Amino acid sequence: MVTHVFAESPGDERGALLSFLQSQRAGIRRTVLGLAEEQATSRPSVSELSLAGLVKHGAEVELDWLRRAQQRENEQQRDASTWPDTHRLVDGESLPQMLDRWEQVAKETEEFIRAVPSLDDTFPLPRAPWFPEEGRVSMRWLLLHLIEESARHAGHADILRESLDGKTAFELVALESGGGGEDGGEAAGG
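Cut-offs used in this document
- Residues numbered from 1 in each chain as written.
- Predicted model: local features only at pLDDT ≥ 70, side-chain atom pairs only at ≥ 80, totals over all residues.
- Heavy atoms only, no water.
- Helix = DSSP H or I, 4+ residues; strand = E, 2+ residues; numbered from the N terminus.
- Buried < 20%, exposed > 50% of the residue type's maximum accessible area, 1.4 Å probe, protein only.
- Contact = heavy atoms within 4.5 Å.
- Phe/Tyr/Trp six-rings, centres within 6.5 Å; stacked < 30°, edge-to-face > 60°.
- Expected span 1.5 Å × (residues − 1).
- Arc of directions from axis to C-beta.
- Axes fitted to C-alpha atoms, helices over the stretch in contact; angles between N-to-C directions.
- Parallel < 35°, antiparallel > 145°, perpendicular 65-115°, else oblique.
- Nonpolar A, V, L, I, M, F, W, Y, C, P; charged D, E, K, R; others polar.
- Salt bridge = Lys/Arg side-chain N within 4 Å of Asp/Glu carboxyl O.
- pLDDT = per-residue confidence, 0-100.

What to know about the overall build of the protein
Argument step 1. Counting secondary structure elements, the protein contains 6 helices and 2 strands.
Argument step 2. Each helix and strand of the protein, placed in order from N terminus to C terminus, yields the pattern α-α-α-α-β-β-α-α.
Argument step 3. Within the protein, the fraction of its 190 residues that count as buried is 44%.
Argument step 4. A separation of at least 24 residues holds for 70% of the contacts in the protein among residues at least 6 apart in sequence.

Given below as structure tokens:
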């Protein structure tokens, strides 16, 4: 079963980019369908990654870039000592909380992007060795970067899920649409 992104109405570049971003987010979210929290937090490979950690990471990274674009302080500050916590649940966090959190961040991203005057508007890049000094990027770049980041992690999530129980992305699409699976398509936590 193939998923198709309904990208845009003619001339709706924002809608197209937001639709592709939503499609990649959904790919990650779908990998936790039908899993118990213990499965979603397990690490089925030598990597430190878990599916729940990827959901949390997706929410945190998107929020971080959104705050940069809004030129607002990020309420979820990370430094070198807390960076590993972006990839795992800590201090009573749960998968349903992370799924809800990402949904809220996604809504805020869409509202912000739909409200900016132009996708050509820019914001400063953070200081980092991999970014140009005093670099700036557009809102279009922001969306493309979020699509890239989410797509990369959707691939990681597909591998982790298949390692857990053999379910492939296509099977999860069918499960989500009610076309298969023993649990009728219920997502973890929701």
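Things to note about the packing of aromatic side chains
Argument step 1. By the definition in use, this model includes 4 aromatic pairs.
Argument step 2. Both rings, one in Trp 65 and one in Phe 123, keep their centres 6.4 Å apart while their planes meet at 65 degrees; by these two values the pair is edge-to-face. Of this pair, Trp 65 sits in helix H3 (residues 51–70) while Phe 123 sits in strand S1 (residues 122–124); the two residues are 58 residues apart in sequence, bridging distant segments of the chain. The two residues Trp 65 and Phe 123 agree in class, both being buried.
Argument step 3. Ring centres of Trp 65 and Phe 131 lie 6.1 Å apart, and the angle between their planes is 90 degrees; this geometry places the pair in the edge-to-face category. Residue Trp 65 is found in helix H3, and its partner Phe 131 is found in the loop between S1 and strand S2 (136–138); the two are separated by 66 residues along the sequence.

With respect to helix H4 (residues 95–115)
Argument step 1. Between its terminal C-alpha atoms H4 stretches 30 Å, which fits the 30 Å expected from 21 residues at 1.5 Å a residue.
Argument step 2. Of all the residues in H4, the buried ones are Leu 95, Met 98, Leu 99, Trp 102, Val 105, Ala 106, Thr 109, Phe 112 and Ile 113. The buried residues of H4 occupy an angular sector of 150 degrees when the element is viewed end-on, so they sit on one face. Looking at H4, the residues exposed on the side facing more than 90 degrees away from the buried face are Glu 111 and Ala 115.

Side note on the packing of H3 against helix H5 (residues 139–165)
Argument step 1. Packing of H3 against H5 leaves a shortest axis separation of 10 Å and a crossing angle of 175 degrees. As the angle between them shows, H3 and H5 are arranged roughly antiparallel. Residues Leu 51, Leu 54, His 57, Val 61, Glu 62, Trp 65 and Ala 69 of H3 lie in contact with H5, whose contacting residues are Met 139, Trp 141, Leu 142, His 145, Leu 146, Glu 149, His 153, His 156, Ala 157, Leu 160, Arg 161 and Leu 164.
Argument step 2. For the contact of H3 with H5, the residue count by class is 12 nonpolar, 4 polar and 3 charged.

Side note on the pattern of salt bridges
Argument step 1. Counted under the stated rule, the structure contains 17 salt bridges.
Argument step 2. Between Glu 62 and Arg 25 there is a salt bridge, and its shortest N-O distance comes to 2.8 Å. Pair noted here: Glu 62 is in helix H3 and Arg 25 is in helix H1 (residues 13–30), with a separation of 37 residues, a long-range link. Of the two residues, Glu 62 and Arg 25, both sit in the buried class.
Argument step 3. For Asp 165, the salt bridge goes to Arg 161, with nearest N and O atoms at 3.0 Å. Residue Asp 165 and its partner Arg 161 are located together in helix H5, separated by 4 residues, close to a single helical turn.
Argument step 4. Exposure remark for Arg 161: the relative accessible area of 2% places this residue in the buried category.
Argument step 5. Counted as one network, the salt bridges with shared partners bring together Arg 67, Arg 72, Glu 75 and Glu 108.

Considering the side chain of Glu 60
Argument step 1. Its place among the elements puts Glu 60 in helix H3.
Argument step 2. The exposure class assigned to Glu 60 is buried, which follows from its relative accessible area of 6%.
Argument step 3. Sequence-distant contacts of Glu 60, defined by excluding residues within four places in its chain, comprise Gln 76, Arg 78, Thr 86 and Arg 101.

Focus: the confidence of the model for the protein
Atomic detail in the predicted coordinates should be set aside for any region of low pLDDT.
Argument step 1. In this model, the protein carries a mean pLDDT of 88, and residues with pLDDT of at least 70 account for 89%.
Argument step 2. By mean pLDDT, helix H6 (residues 169–176) is the weakest element of the protein at 89, and H4 is the strongest at 97.
Argument step 3. Overall, residues 182–190 carries pLDDT values under 50, and its contacts beyond four positions in sequence, including any with other chains, amount to 16 contacts.

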